Amino acid sequence: MKRSISGIKPTGNLTLGNYIGALREFKKYQDEYENYVFIADLHALTLPIDPAFLRSNTKDIVAFYLASGLDINKTTIFLQSDVSAHSELNSILINYLYMGELSRMTQFKDKSAKLNHEAIGVGLFAYPVLMAADILLYNADVVPVGEDQQQHVELTRDLVHRFNTRYNKEVFVMPKAITPKVGARIMSLSDPTKKMSKSDPKGDIFLKDEPNIIRKKIMSAVTDTGSDIIYDPVNKPGISNLLQIYAALSDISIEEAQTKFKDIHQYGEFKKIVADKVLEEIIPFQERYKAFLNNNTINEVLNIGKERARKVANKTLTKIKKTVGLYVHE
Ligand code: AQP
């Protein structure tokens, strides 16, 4: 059975973007793939974060994973920092990626642009190295991600090619990013030219928002002048974003969504239907999340995941240590 791996970093309250671009997708793969899904807590340290906030976000993500339908009999849910092989492989792989490559990563450029040069952490710069370790330890064939993470998977592919060529054998499996057909980049409701992002929360819908707040946010989403419901991200980014949200949650194409709204010529009416759709999905999801959010469930799930993930990861790590010439002994 082929393997799939992905994760979410606990840097803030999860958004509808994380739900559509990641959570909802992960579940789709658990029947078809040997599924690994983790909480990327080491990645969350790449920018300053309050320790208590990090801990509570981490628990939240486990509960969100379970609420989205991930079944621990089919999916290994684990914490990145519970499997030390991630950090160990990171220490090896950091020698196989180049400064030039890392400095060209869009996420690094965006995030570092907001910081004083002297305060840009090395971890932020080297983020894609750890991400490559996350993927390669599990010999993953596919990596379900939203559009913003595609570039990092591409860099992992370059690394695999470089590494396998250097050692003249198929040491690492070549992974492939898979993005949702619709909803790979959900935009901010207040500025639909920007990605909805948990660390830049203006215009976000949070998965923990009260239903009336979610409705309010959608009803006041920024739109353009005009009244037709047409998918045109350049000239009508706000309407296009709402169409995208509707289509993704309805499991239909953008064209089908557009056809559905062809006779509606009032943005208010359209927004109400989009809000109904979001709430139809999010309200039961929130109820399941609350039911899973107790320490016993979270710890139990993480303990089971930790054992399973360590087994696979340690095996790969030993293979890599031997490949590069580190002295592995019993
Ligand atoms: N707006 C989005 N639309 C679709 N997919 C999205 N993802 C994030 N935002 C959107 C996908 O969610 C997964 C987990 O993301 P992450 O936590 O690893 O970090 P990120 O990609 O950087 O997402 P955020 O929310 O913007 O986090 P911060 O603000 O901390 O950097 C990924 O598959 C991502 O593509």
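Residues numbered from 1 in each chain as written. Predicted model: local features only at pLDDT ≥ 70, side-chain atom pairs only at ≥ 80, totals over all residues. Heavy atoms only, no water.

A. Region of the structure containing the packing of aromatic side chains. Taken as a whole, this structure holds 15 aromatic pairs when the rule is applied. Taken together, a centroid distance of 4.8 Å and an interplanar angle of 55° make the contact between Tyr96 and Phe163 tilted. Within this pair, whereas Tyr96 is found in the loop between α3 (85-93) and α4 (99-103), its partner Phe163 is found in helix α8 (residues 150-167), the two being separated by 67 residues in sequence. According to the relative accessible area criterion, Tyr96 is buried, its value standing at 8%. Ring pairs connect the aromatic residues Tyr19, Phe64, Phe285 and Tyr289, which therefore count as one cluster. (Phe/Tyr/Trp six-rings, centres within 6.5 Å; stacked < 30°, edge-to-face > 60°. Helix = DSSP H or I, 4+ residues; strand = E, 2+ residues; numbered from the N terminus. Buried < 20%, exposed > 50% of the residue type's maximum accessible area, 1.4 Å probe, protein only.)

B. Up close: the pattern of salt bridges. As enumerated under the stated definition, the model contains 16 salt bridges in all. Between Asp276 and Arg215 there is a salt bridge, and its shortest N-O distance comes to 2.7 Å. Of this pair, Asp276 sits in helix α12 (residues 267-292) while Arg215 sits in helix α9 (residues 211-219), placing them 61 residues apart in sequence. On the basis of relative accessible area, Asp276 is assigned to the partly exposed category, the value being 29%. (Salt bridge = Lys/Arg side-chain N within 4 Å of Asp/Glu carboxyl O.)

C. Spatial organisation of the site of the ligand. Near the ligand, the surroundings consist of 23 residues, among which Thr11, Lys111, Asp148, Lys198 and Ser199 are the closest. For the ligand, an oxygen atom lies 2.6 Å from a polar atom in the side chain of Thr11. Residue Met196 places a main-chain N or O atom 2.8 Å away from a nitrogen atom belonging to the ligand. In the complex, 98% of the free accessible area of the ligand, which totals 630 Å², lies under the protein chains. Mapping the ligand onto the cavity grids shows that it belongs to the largest pocket. Elements represented by at least two residues in the shell around the ligand include exactly β1 (3-8), α1 (16-29) and α5 (106-113). Considering each element in turn, the shell around the ligand owes the most residues, 4 residues, to α1. Its residues placed into classes, the shell around the ligand shows 6 nonpolar, 11 polar and 6 charged. (Near = heavy atom within 4 Å. Polar contact = N/O pair within 3.5 Å; in protein donor to acceptor, adjacent residues only side chain to side chain. Areas by Shrake-Rupley, 256 points an atom, 1.4 Å probe, with all protein chains shown as cover. 1 Å grid on protein atoms, 1.4 Å probe; cavity = no way out; pocket = protein on both sides within 12 Å on 5 of 7 lines; lining within 4 Å. Sits in = over half its atoms within 2 Å of the grid points. Nonpolar A, V, L, I, M, F, W, Y, C, P; charged D, E, K, R; others polar.)

D. Region of interest: α12. In a regular helix each residue adds 1.5 Å, so 26 residues correspond to 38 Å; α12 covers 37 Å between its end C-alpha atoms and thus fits that length. In α12, a bend of some 25° at Leu279 exceeds every other bend along the element. (Expected span 1.5 Å × (residues − 1). Bend = angle between axes of the 7 residues up to and from the residue.)

E. Representation of the nonpolar core within the structure. In terms of nonpolar packing, the biggest core is built from 54 residues, with Tyr65 and Ile245 touching the most fellow members. Ranked by the residues each element gives to this core, the list is headed by α12, at 9 residues. (Core = buried A, V, L, I, M, F, W, Y, C linked by side-chain atoms within 4.5 Å.)

F. Inspection of the pairing of β1 at higher detail. Among the 6 residues in β1, 5 count as buried, and that is most of the element. Regarding topology, α1 serves as the crossover connection from β1 to the parallel strand β2 (residues 34-39), and that connection is right-handed. (Right-handed = clockwise from strand over helix to strand, strands pointing away.)

G. Structural context of the layout of surface pockets. There is about 980 Å³ of room inside the largest pocket. Lining of the largest pocket is provided by 44 residues; of these, Lys9, Gln107, Asp148, Gln149 and Lys195 occupy positions nearest its centre. Among the elements of the structure, β1, α1, α5, α7 (127-136) and β4 (142-144) are those that each provide at least two residues to the lining of the largest pocket. Sorting elements by how many residues they give to the lining of the largest pocket places α1 first, with 5 residues. Broken down by class, the residue content of the lining of the largest pocket amounts to 15 nonpolar, 17 polar and 12 charged. Considering only enclosed or pocket space, the second largest pocket measures out at about 240 Å³ in volume. Along the walls of the second largest pocket sit 13 residues, with Glu25, Lys28, Pro180, Lys181 and Val182 positioned nearest its centre. Across the lining of the second largest pocket, the residue classes tally to 7 nonpolar, 1 polar and 5 charged. (Points joined across faces, edges and corners; volume = space filled by probe spheres on them.)

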